[in-house]
Amino acid sequence: MSSSAHSPNSKPEHSSGSWLARFIIKTAVFVGGLGLCAALLGSLALALAWPNLPDLSAMIDYRPRVPLRIYTADKVLIGEFGEERRNVLRFDEIPDVMKSAILAAEDDRFYQHGGIDWMGVGRAALANLTHMSKTQGASTITMQVARNFYLSSEKTYTRKFYELLLTFKIEATLTKDQILDLYMNQIYLGHRAFGFAAASRTYLGKPLAEVTTAEAAMLAGIPKAPSRFNPIANFERAKTRQAYVLGRMRSLGYITEQEYQDAMAQEIEVKSAVGTPAGGYAIHGEYAAELARQLLYGVYQDNVYSRGFNIYTTINSTDQEAAYRAVRNGILDYTRRAPYTGPQGQVDLPAGIENDHTRLDAILDEIQDKYPDTGDLLTGVVLEAGPDRIRVARTAQEIIDVTDKRALKIVARGLVQNAKADVRIQRGSVVYLFQNNDYWEVINMPAVQAAFVSVRPQDGAIQAMVGGFHFSDGKFNRVTQAWRQPGSAFKPFIYASSLERGLTPSTQISDEPFVLTAAQTGSKPWTPKNYGRTYEPMLTMRQGLYKSKNMVSIRIMQAVGPKYVQEYITRFGFDKARQPAVLPLALGAGSVTPLQMAGAYSVFANGGYRTVPYLIDHVTDSTGKVIMRAKPVVAGDAAARAIDPRTAYVMNDLLRGVATYGTGARASRELKRTDIGGKTGTTNDSQDAWFAGFTPDLVGIAWMGFDQPRSLGSGETGGGAAMPIWINYMRTALKDKPIVPPGPMPSGLTKTNGDFYFNEFPPGQAIARVGLPAPSDSSLQQDGGDGIGDLLRQIAPEQNAGGGNNNQFVPF
């Protein structure tokens, strides 16, 4: 027998196979272990997350809750608060054509997948890779229901995980018809319309049961981007989306070729049904509506949003819209004359992207998300810019050329060759467009703010209220919440206090520079200035008010006494704590709100009564029963008497003079009325600009400034910045209203040599001179007889900035 020979170093033939087998086994064990760990972690995560998923019973709770509605006095809807606007329909009440359009637009495999369309995921991924951008999504209707009902829109893995779990839970709990029913009734579709039934009334003005194939396709195209694809916001984009949906409906067999052609040819009439937010908000009353909501919420708390309350405000719809336009135009006018600060942003626009409408629209959509339209200020991206033309894209199809010389002048510093980088307008610049009558202009989103309020002085009923440029800026109502220095608009209250202490409109007052030393102030010297730094030796009180002379106002307050003034002005509704008893108060150094100013000026307009401004006239419940009604204080009520009727009469006369011959003369001149009284106001460094004006039947207060106080700019004044807002409002509010002459003089008041005297301070006994050296004939001036002479003698002498002359008050 022979045996095989083996080398001592040789290995068995099966050794390599054995090693491979062991490797495979180890790898399998490792992978299996990882899989087991992943399964355990997934199970743990599922076990922790699943109990925290919301109860689906709330998703099908369709018990209607009627929202709080706010109306003007003439029954125009200006606000709704509470549950979203829905017109809930049963699944069988929704027309089949609407269901088909939704499935074609959003999820054609809805009835085949289990909540996640894996084929759709693959298709979207391939399309996005092909275009190197996110052009398609793979969100199913079930996933949208999960997201819209319970989850936030934050882009985190945790939220996505919960969305997937909730999607599976919905699919496991509800039928497909129930899920689609939820989607069609609950999805947000722009303009505060939730669900397709509400959207049909909002955009088409008809019940959903009456929509055509073309109309159903347009509605079905909205969910992709409700703020941009709805036909009110952008009809062309809505039409483009509609064509896509109709094409999908045809390819899926939902409609025939002929039905497709007929639908494409149908003209869509966009109109909003009466009673919808889009159709009912005919005026911009957001600030008034929000304030009314807050006031009623203070009574009923959260119950206010579902009980069908209706608030009827004192707002006049015509006046309100006039106020909105006046504030908006005043802010835009200021923004035009202020130095152009540069584009809102910058985006990289690839060369030739104008020819790829899909990619360009995708970029523009992202820009819209970051810089949304604000009212009639529309976002766009510059395609090209030069001294003679700016081309701006709103959409790939909507290109606007800005060529008007007036418009180009506004942004000229951004178009010159050597423009600074942060100011330069160039390709890719994000800008805002505004259609100024017959031409387009590029304009910055305004940084400045303004406010306006008007009230009926007889009872304080607020007629119009605009608290800022745009309500969506933050809902901060500057009419009621902005505490600002009133500047010279406060001077009439100083003057009024002096009339009851013996001064008259003809009292002569020094207009020479005024100084308080550090020793007198206890800190730093105080050297106030007149506007323009012009001074005159002497002015009458009337002249001082007409010219708004600071030195005259200071000397009046010094004569009357800061403590007395501080107490006196509380009669007008001002907060004593915000009006310090110091001489700068004469220049409006305290703090007021525009609404406070409206109430205060009403005292001058209505004959001396304090009527508190109010907004809510009455409230009804869901049945129409009145459950609350205002009981305002009315001028003429003796208990509301704030100041002497003679003081009110004289101040009315003085303020009519200001609006005819003084700093407010533009108001009477432009409105061609003789019954206007008013006062401009400008604070230090032009940080606040005011105009407070009135007729016997209407008081209006206009303010402009920055929320974080800073200068409006050199030369900006109440007369130039705030008064135009007031005038533009009054053009509408006073139209066809008769001019009201001054009423009869109150008893105890006489007119001598063209000016007014209280009987207790007749000529020869009233205070004739303030802050002036005594004349040689002291008989020309007399004591007032009520201690005013003693009061004035106790005031320390001031130092004249021109040379230290003793300008002690000389009442005599």
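Structural notes, computed from the coordinates. Quantities reported herein were computed from a predicted structural model and do not represent experimental measurements. (Residues numbered from 1 in each chain as written. Predicted model: local features only at pLDDT ≥ 70, side-chain atom pairs only at ≥ 80, totals over all residues. Heavy atoms only, no water.)

## Quick word on the overall build of the chain
Counting its secondary structure elements, the chain contains 27 helices and 23 strands. By residue count, 51% of the 812 residues in the chain fall in the buried class. For the chain, the share of sequence-separated contacts (at least 6 apart) that also reach a separation of at least 24 residues comes to 70%. Taken as a whole, the chain presents about 37300 Å² of accessible surface, with 53% of it coming from carbon and sulfur. (Helix = DSSP H or I, 4+ residues; strand = E, 2+ residues; numbered from the N terminus. Buried < 20%, exposed > 50% of the residue type's maximum accessible area, 1.4 Å probe, protein only. Contact = heavy atoms within 4.5 Å. Areas by Shrake-Rupley, 256 points an atom, 1.4 Å probe, with all protein chains shown as cover.)

## Some remarks on the side chain of Thr695
Locating Thr695 in the fold gives a position in strand S18 (residues 688–695). Of the residues examined, Thr695 reaches a relative accessible area of 3% and is grouped as buried.

## Things to note about the packing of aromatic side chains
Summed over the entire model, instances satisfying the criterion amount to 24 aromatic pairs. Ring centres of Tyr183 and Phe196 lie 6.4 Å apart, and the angle between their planes is 45°; on these two criteria the pair is classed as tilted. Here Tyr183, found in helix H6 (residues 176–186), pairs with Phe196, found in helix H7 (residues 196–204); they are 13 residues apart in sequence, far enough to count as distant. Taking the ring centre of Trp483 as reference, the NZ or CZ of Arg578 above it sits at 3.6 Å. Here the guanidinium or amino end of Arg641 rests over the ring plane of Tyr609, the centre of that ring lying 4.1 Å away. (Phe/Tyr/Trp six-rings, centres within 6.5 Å; stacked < 30°, edge-to-face > 60°. Lys NZ or Arg CZ within 6 Å of the ring centre and 35° of its normal.)

## Quick notes on the pairing of strand S19 (residues 698–705)
Where burial is concerned, most of S19 is hidden: eight out of the eight residues are buried. In S19, alternate side chains face the same way, and those of Leu698, Gly700, Ala702 and Met704 on one face and Val699, Ile701, Trp703 and Gly705 on the other are all buried. Of the pairings in the sheet, the one linking S18 to S19 comprises eight bridges and is antiparallel in character. Across the sheet, the residue bridging to Gly693 is Gly700, located in S19. If you look at the hairpin formed by S18 and S19, you'll find two residues sitting between the two strands. (Pairing = 2+ DSSP bridges.)

## Points about the side chain of Ser498
Topologically, Ser498 is positioned in helix H18 (residues 491–499). On the basis of relative accessible area, Ser498 is assigned to the buried category, the value being 0%. A distance of 2.6 Å separates the side chain of Ser498 from the backbone oxygen of Tyr495, its partner in a polar contact. (Polar contact = N/O pair within 3.5 Å; in protein donor to acceptor, adjacent residues only side chain to side chain.)

## Some points on the packing of helix H10 (residues 235–251) against helix H11 (residues 257–265)
Following both chains from N to C, one finds H10 and H11 inclined at 170°, their axes separated by 10 Å at the closest point. When the interaxial angle is binned, H10 and H11 end up roughly antiparallel. Here Lys239, Gln242, Ala243, Leu246, Gly247 and Arg250 of H10 lie close against H11, whose contacting residues are Glu257, Tyr260, Ala263 and Met264. Per-class residue counts for the contact of H10 with H11 are five nonpolar, two polar and three charged. (Axes fitted to C-alpha atoms, helices over the stretch in contact; angles between N-to-C directions. Parallel < 35°, antiparallel > 145°, perpendicular 65-115°, else oblique. Nonpolar A, V, L, I, M, F, W, Y, C, P; charged D, E, K, R; others polar.)

## Some details on helix H21 (residues 550–560)
With 11 of 11 residues buried, H21 lies mostly within the body of the structure. By the burial criterion, the buried members of H21 are Asn550, Met551, Val552, Ser553, Ile554, Arg555, Ile556, Met557, Gln558, Ala559 and Val560. Phi for Gly561, located one or two positions after H21, is positive at around 110°.

## What about unusual backbone geometry?
The phi dihedral of Lys75 is positive, around 65°, even though this residue is not glycine. Despite not being glycine, Asp736 shows a phi value in the positive range, around 65°. Secondary-structure assignment places Asp736 in the loop between helix H26 (718–733) and strand S20 (749–752).

## Some details on the nonpolar core
The biggest cluster of nonpolar side chains holds 88 residues, and the ones touching the most others in it are Phe493, Phe572, Tyr601 and Phe604. With eight residues, the single largest contributor to this core is helix H23 (residues 594–605). Setting aside anything within four residues of it in sequence, one finds Phe604 in contact with Pro492, Phe493, Ala496, Phe572, Ile643, Ala648, Met651, Asn652, Leu655 and Phe694. (Core = buried A, V, L, I, M, F, W, Y, C linked by side-chain atoms within 4.5 Å.)

## Regarding the sheet that holds S19
Sheet architecture is open: five strands sit in the order S11-S10-S19-S18-S17, paired in antiparallel fashion. Each edge of the open sheet is held by one strand with a lone partner, namely strand S11 (462–466) and strand S17 (677–682). Put simply, the sheet's adjacent strands are angled 5° from each other on average, direction ignored. Relative to the sheet, helix H14 (residues 317–337) contacts strand S10 (449–455), S11 and S19, its axis offset from that of S11 by approximately 30°. Of the strands in this sheet, S10, S11, S17, S18 and S19 are in contact with H23, which crosses S19 at around 145°.

## Looking at helix H15 (residues 357–370)
Here H15 contains 14 residues, and its C-alpha end-to-end distance of 20 Å stays within 8% of the 20 Å for a straight helix at 1.5 Å per residue. Residues Leu360, Asp361, Ile363, Leu364, Asp365, Ile367 and Gln368 constitute the buried set of H15. Buried residues belonging to H15 abut helix H9 (226–229), H10, strand S5 (378–386), strand S6 (389–393) and strand S8 (429–436). (Expected span 1.5 Å × (residues − 1).)

## Quick notes on the sheet that holds strand S15 (residues 616–620)
As summarised here, the arrangement of the five strands in space is S2-S1-S3-S15-S16, forming an open sheet in which the pairing is mixed. Both edges of this open sheet fall to strand S2 (77–81) and strand S16 (626–629), since each of them pairs with a single strand only. Taken pair by pair, the neighbouring strands of this sheet meet at an average axis angle of 20°, ignoring direction. Summarising the sheet, strand S3 (residues 310–313) and S15 pair through four bridges and their orientation is antiparallel. For Asn310, the partnering residue across the bridge sits in S15 and is Thr620.

## Regarding the environment of Arg571
Position of Arg571 among the secondary structure elements: in the loop between helix H22 (562–568) and H23. Classification of Arg571 by relative accessible area gives partly exposed; the value is 31%. For Arg571 and Ala600, which are 29 residues apart along the polypeptide, the C-alpha to C-alpha distance reads 8.5 Å.

## Some words on the environment of Ala289
With respect to the element layout, Ala289 can be found in helix H13 (residues 286–300). As for Ala289 and Arg69, which are separated by 220 residues in sequence, their C-alpha atoms are 8.7 Å apart. Apart from the residues lying within four places of it in its own chain, the contact partners of Ala289 are Ile70, Ile78, Gly79 and Phe81.

## Digging into a nonpolar patch on the surface
A surface patch of nonpolar side chains, about 340 Å² in accessible area, is lined by Trp19, Leu20 and Ile24. Positionally, Trp19 belongs in helix H1 (residues 15–49). (Patch = residues over 30% accessible without salt bridge, like charges linked within 9 Å, V, L, I, M, F, W, Y side chains within 5 Å. Salt bridge = Lys/Arg side-chain N within 4 Å of Asp/Glu carboxyl O.)

## Quick look at the packing of H23 against helix H24 (residues 645–661)
Packing of H23 against H24 leaves a shortest axis separation of 8 Å and a crossing angle of 105°. Of the possible angle classes, the one that applies to H23 and H24 is roughly perpendicular. Of the residues in H24, those touching H23 at Tyr601, Val603, Phe604 and Ala605 are Ala648, Met651, Asn652 and Leu655. In terms of residue class, the contact of H23 with H24 is built from seven nonpolar, one polar and no charged.

## Details of the pattern of salt bridges
Applying the stated criterion across every chain yields a total of 42 salt bridges. Here Arg542 and Asp653 are joined by a salt bridge, their closest N and O atoms 2.9 Å apart. Of this pair, Arg542 sits in helix H20 (residues 541–546) while Asp653 sits in helix H24, and the two are 111 residues apart along the sequence. On the basis of relative accessible area, Asp653 is assigned to the partly exposed category, the value being 26%. Note that Asp617 is salt-bridged to Arg629, the shortest N-O span being 3.9 Å. You can see Asp617 sitting in strand S15 and its partner Arg629 sitting in strand S16, a full 12 residues away along the chain. Assessed through its relative accessible area of 26%, Asp617 is described here as partly exposed. With relative accessibility at 52%, the residue Arg629 sits in the exposed group. Connected through salt bridges with shared partners, the residues Arg228, Arg237, Asp365 and Asp369 form a single ionic network.

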